[in-house]
Amino acid sequence: MSYHNPPTTPRKSATFDDYTLSEIRRAATTGIYDIRGAGAKRKLPHFDDLLFLGASMSRYPLEGYREKCSTEVVLGTRFAKKPIHLKIPITIAGMSFGALSGNAKEALGRGANIAGTSTTTGDGGMTPEERGHSKTLVYQYLPSRYGMNPDDLRKADAIEIVVGQGAKPGGGGMLLGQKISDRVAEMRTLPKGIDQRSACRHPDWTGPDDLEIKILELREITDWEKPIYIKVGGARPYYDVALAVKAGADVVVVDGMQGGTAATQEVFIEHVGQPTLACIRPAVQALQDLGMHRKVQLIVSGGIRNGADVAKALALGADAVAIGSAALVALGDNDPALESEYQALGTTAGAYDDWHEGRDPAGITTQDPKLATRLDAELAGRRLANYLKVMTLEAQTIARACGHNHVHNLEPEDLCALTIEAAAMARVPLAGTSWIPGQGL
Amino acid sequence: MPAIDLSTTPLRELNQSLHALAEGNNETEWEVLNPDGRHAVAVGIDAPVSVDIRGPVGYYCGGMNKQATVTVHGSAGPGVAENMMSGKVVIKGDVSQYAGATGRGGMLVVEGNAASRCGISMKGIDIVVKGSIGHMSAFMAQTGNLVVLGDAGDALGDSIYEARLFVRGNVQSLGADCVEKEMRDEHLELLEDLLQRSGITGVKPSEFRRYGSARKLYNFNIDNADAY
Ligand SMILES: Cc1cc2nc3c(=O)[nH]c(=O)nc-3n(C[C@H](O)[C@H](O)[C@H](O)COP(=O)(O)O)c2cc1C
């Protein structure tokens, strides 16, 4: 009888998985690190690992649709003469004209107006269209200072000093040559077609003591009218928030590592920064330790997708959330209806993230006029408004179920965690136990 | 001529009075007394007035200026005339770091020396320094002109875009992608005009050397990785 060696099933390495192998080959072929848009794609502890307890014997719920559950938020009550009033606790995060088409920016403004919330400019300055279509507009003050000027500063409803972003805490901006149209080049005072390396540090201040003086200057220029936000990436949330308060912020924005970006190195997106869930409690703790919780408002962003995420962020102590990626999806980003076009770009609907190349078939992350006109700003704005309203209703539904007449009354005691990791990060008990890991007994 | 004494008047009042000036107003000459190193003095003005500040100022004096002529009879702290749009800021003494940072127009004249990062990220401003400037000046400078009668410190013009740098003295070293460039007639004319507008006499454009971008870092190339 001949010796027979039975075959084993071909086995791929968990360490060297298909994606890893393809990345090694890609690097070897091109000699450049991978740049892409969107946020961290790996699985991370997130809001899905938390659950609300709901009302029961010891707490009674509010009647859905009849008993009021308020959602309005006031931002900038600390120093600004004109704080911002929003109807819902969900804002649209800063995304630049340049990264996004003019049409996409218009759609964001239209959607936010209908829903009663704010939009935010981005690296690249304020466009008249954007100002015109956004009732409440936050003007970003970034290291690059592209297009920065006192007139737009005064036209803004609030100013957001960007220290960092969750997708790349410690990194600067990047807009590759393909997206530098005449208009983008002019707004940034740079030649057309060159790669733009936005600086990672501000040019005229370093550290919180300088920032305090910078904030004084911005307040003096705008006669102390505008709320001033400080946006930080999820790096050291306790200290970052404490220092932001010390520097004089009215509002602090903490953006966790799932936060989207227009274009950043993949290695940065996936390996630098802390998950959103891990950032919230330390940020709130810093505010509480300084006696500033609810006096300096906290906005949390990075991977917010639905009303449950909103409710969970608020329950952990945030005053509002901001959305970037989800807003783009509501406009039409990565829509399966465009599958054949995504295939032609070597990807598939849901995975398309080469936003820096400017070839977006949905007409959102592009400067190509032909592609951009594919997006109907009015319709897309309507879609965004619908989505924002659904999220708000969802958050209200949960708040009522927990017995609260304002979404801000949600609290950590309304939550439990499904995993030990989430329990430790959110500082709520593991489901079925009274155990909060990391809090002693 | 309104004279505002900052030892008795709050800074906010001074800046708000200056913002309230519309074009064509009568109060075109302002004096600020006892600035005593205060920050954000005379920021965000948008009117063709002159403001004479009698003494030293702290950070960001003349920030985001439009149209006005702001003169500091003393020295200035960091970020003087930052993001200036138009008009003129003149410092009779020395200035600290980031002078004229991100400035988009107008002219900054420093009669003394400037510390590091002078003209960082400049976007169209003209800066004339009669003395010397510190290290990392004109970092990522986009457009505009920087004229230095004295010397420049290390890494001048690192990662520079299209700004033009003219230095009469010694340049300690050039930053990544910054090179010496040929001084052509058009540059000599430009320099002549800049010197004249900043009230400098007895200095010839031909005494300067010109520096600018080699434009090698404009589009990513892995073989330049050391320079990024
Ligand atoms: C296309 C795009 C462009 C962005 N541009 C900026 C920007 O210019 N400035 C900034 O501070 N953040 C920028 N961000 C980050 C967002 O402001 C926000 O922090 C992030 O999108 C929140 O996470 P999410 O996408 O998971 O909602 C951008 C994000 C995206 C998706």
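Cut-offs applied
Residues numbered from 1 in each chain as written. Chains lettered and ligands numbered in written order. Predicted model: local features only at pLDDT ≥ 70, side-chain atom pairs only at ≥ 80, totals over all residues. Heavy atoms only, no water. UniProt positions renumbered as here; feature names shortened; annotations may be inferred. Buried < 20%, exposed > 50% of the residue type's maximum accessible area, 1.4 Å probe, protein only. Helix = DSSP H or I, 4+ residues; strand = E, 2+ residues; numbered from the N terminus. Contact = heavy atoms within 4.5 Å. Polar contact = N/O pair within 3.5 Å; in protein donor to acceptor, adjacent residues only side chain to side chain. Salt bridge = Lys/Arg side-chain N within 4 Å of Asp/Glu carboxyl O. Pairing = 2+ DSSP bridges. Near = heavy atom within 4 Å. Areas by Shrake-Rupley, 256 points an atom, 1.4 Å probe, with all protein chains shown as cover. Nonpolar A, V, L, I, M, F, W, Y, C, P; charged D, E, K, R; others polar. Patch = residues over 30% accessible without salt bridge, like charges linked within 9 Å, V, L, I, M, F, W, Y side chains within 5 Å. Lys, Arg positive; Asp, Glu negative; His and termini not counted. Charge placed at Lys NZ, Arg CZ, Asp CG, Glu CD. Axes fitted to C-alpha atoms, helices over the stretch in contact; angles between N-to-C directions. Parallel < 35°, antiparallel > 145°, perpendicular 65-115°, else oblique. Left-handed = near helix turned anticlockwise from the far one by under 90°. Phe/Tyr/Trp six-rings, centres within 6.5 Å; stacked < 30°, edge-to-face > 60°. Core = buried A, V, L, I, M, F, W, Y, C linked by side-chain atoms within 4.5 Å.

Per an unreviewed UniProt entry, chain A carries the name Glutamate synthase [NADPH] large chain and comes from Hyphomicrobium sulfonivorans. Database annotation for chain A, UniProt heading Sequence similarities (unreviewed entry): "Belongs to the glutamate synthase family."

Caption draft 1: Main features of helix H10 (residues 307–315) of chain A. Residues and elements named next belong to chain A. Within H10, eight of the nine residues are buried, which leaves it mostly tucked inside the rest of the structure. Looking at H10, one finds that the buried residues are Gly307, Asp309, Val310, Ala311, Lys312, Ala313, Leu314 and Ala315. Tucked inside the fold, the buried residues of H10 contact strand E2 (50–52), strand E5 (90–92), helix H9 (276–289), strand E15 (320–323), helix H14 (377–401) and strand E16 (415–417). Of the residues flanking the start of H10, the one acting as N-cap is asparagine 306, its side-chain oxygen 3.1 Å from the backbone nitrogen of alanine 308. Glycine 317 lies just past H10 and shows a positive phi near 125°.

Caption draft 2: Unusual backbone geometry, seen in detail. Residue and element names in this part refer to chain B. Positive phi is not limited to glycine here, since alanine 40 has a value of about 55°. Along the polypeptide, alanine 40 turns up in the loop between strand E2 (29–33) and strand E3 (50–54). With a phi close to 55°, serine 159 is a non-glycine residue in the positive phi region. Taking the relative accessible area as the measure of exposure, serine 159 reaches 9% and is therefore buried.

Caption draft 3: Representation of the pattern of salt bridges. Residue and element names in this part refer to chain A. Taken as a whole and assessed by the stated rule, the structure comprises 41 salt bridges over all chains. Residue aspartate 204 is joined to arginine 145 by a salt bridge in which the shortest nitrogen-to-oxygen separation is 2.9 Å. Of the two residues, aspartate 204 is situated in the loop between strand E10 (196–197) and helix H6 (207–221) and arginine 145 in the loop between strand E7 (137–141) and helix H4 (150–155); the sequence distance between them amounts to 59 residues. Exposure remark for aspartate 204: the relative accessible area of 0% places this residue in the buried category. You can call arginine 145 buried: its relative accessible area is 1%. Across the pair arginine 359 and glutamate 357 runs a salt bridge whose closest N-O atoms are separated by 3.3 Å. Look at arginine 359 and you get partly exposed, because its relative accessible area is 45%.

Caption draft 4: Representation of the pairing of strand E6 (residues 107–110) of chain B. Residues and elements named next belong to chain B. The two faces of E6 match: Met107 and Val109 on one face and Leu108 and Val110 on the other face are all buried. The pairing of strand E5 (residues 88–91) with E6 spans four bridges and is parallel. Across the sheet, isoleucine 91 pairs through a bridge with valine 110, a residue of E6.

Caption draft 5: The arrangement of the site of the ligand in detail. Residues and elements named next belong to chain A. Near the ligand there are 24 residues, and of these Gly94, Asp255, Gly303, Gly324 and Ser325 occur at the shortest range. In this structure, a nitrogen atom belonging to the ligand sits 2.8 Å away from a side-chain N or O atom of glutamine 140. Taken by itself the ligand offers 600 Å² of open surface, and the protein chains cover 97% of this. Its residues placed into classes, the shell around the ligand shows seven nonpolar, 14 polar and three charged.

Caption draft 6: Broad picture of a positive patch on the surface. Residues and elements named next belong to chain A. There is a patch of like positive charges on the surface, built from Lys87, Lys135, Arg382 and Lys389. Following the sequence through the fold, arginine 382 ends up in helix H14. Overall, arginine 382 belongs to the partly exposed group, its relative accessible area being 37%.

Caption draft 7: Summary view of the packing of H10(A) against H14(A). Residues and elements named next belong to chain A. With their axes 7 Å apart at the nearest point, H10 and H14 run at an angle of 55° to one another. Relative to H14, the element H10 is oriented oblique. The chirality of how H10 crosses H14 is right-handed. For the pair formed by H10 and H14, the contact residues are Gly307, Ala308, Val310 and Ala311 on the first element and Met391, Glu394, Ala395 and Ile398 on the second. In the contact of H10 with H14, the residues fall into six nonpolar, one polar and one charged.

Caption draft 8: Representation of the environment of Leu298(A). Residues and elements named next belong to chain A. Within the element layout of this structure, leucine 298 appears in strand E14 (residues 297–301). For leucine 298, a relative accessible area of 0% corresponds to the buried category. Between the alpha carbons of leucine 298 and valine 254 there is a distance of 7.4 Å; along the sequence they are 44 residues apart.

Caption draft 9: Quick peek at the packing of aromatic side chains. All names here are of chain B. In total, this model carries five aromatic pairs over all chains according to the counting rule given. When the centroid spacing of 5.4 Å and the interplanar angle of 70° are considered together, the rings of tyrosine 59 and tyrosine 60 count as edge-to-face. Just as tyrosine 59 is buried, tyrosine 60 falls in that class too. Between tyrosine 161 and tyrosine 218 the ring centres are 5.9 Å apart and the planes differ by 35°, which places this aromatic pair in the tilted class. You can see tyrosine 161 sitting in the loop between strand E8 (143–148) and strand E9 (164–167) and its partner tyrosine 218 sitting in the segment after strand E11 (209–213), a full 57 residues away along the chain.

Caption draft 10: How the structure looks around the nonpolar core. Ile323(A), Val41(B), Val51(B), Ile53(B) and Leu108(B) are the most contacted members of the largest nonpolar core, which has 148 residues in total. Element by element, the count of residues in this core is highest for H14(A), at nine residues. Excluding residues that lie within four positions of it along the chain, Val51(B) makes contacts with Leu18(B), Trp30(B), Val32(B), Ala42(B), Ile45(B), Thr69(B), Val70(B) and Thr71(B).

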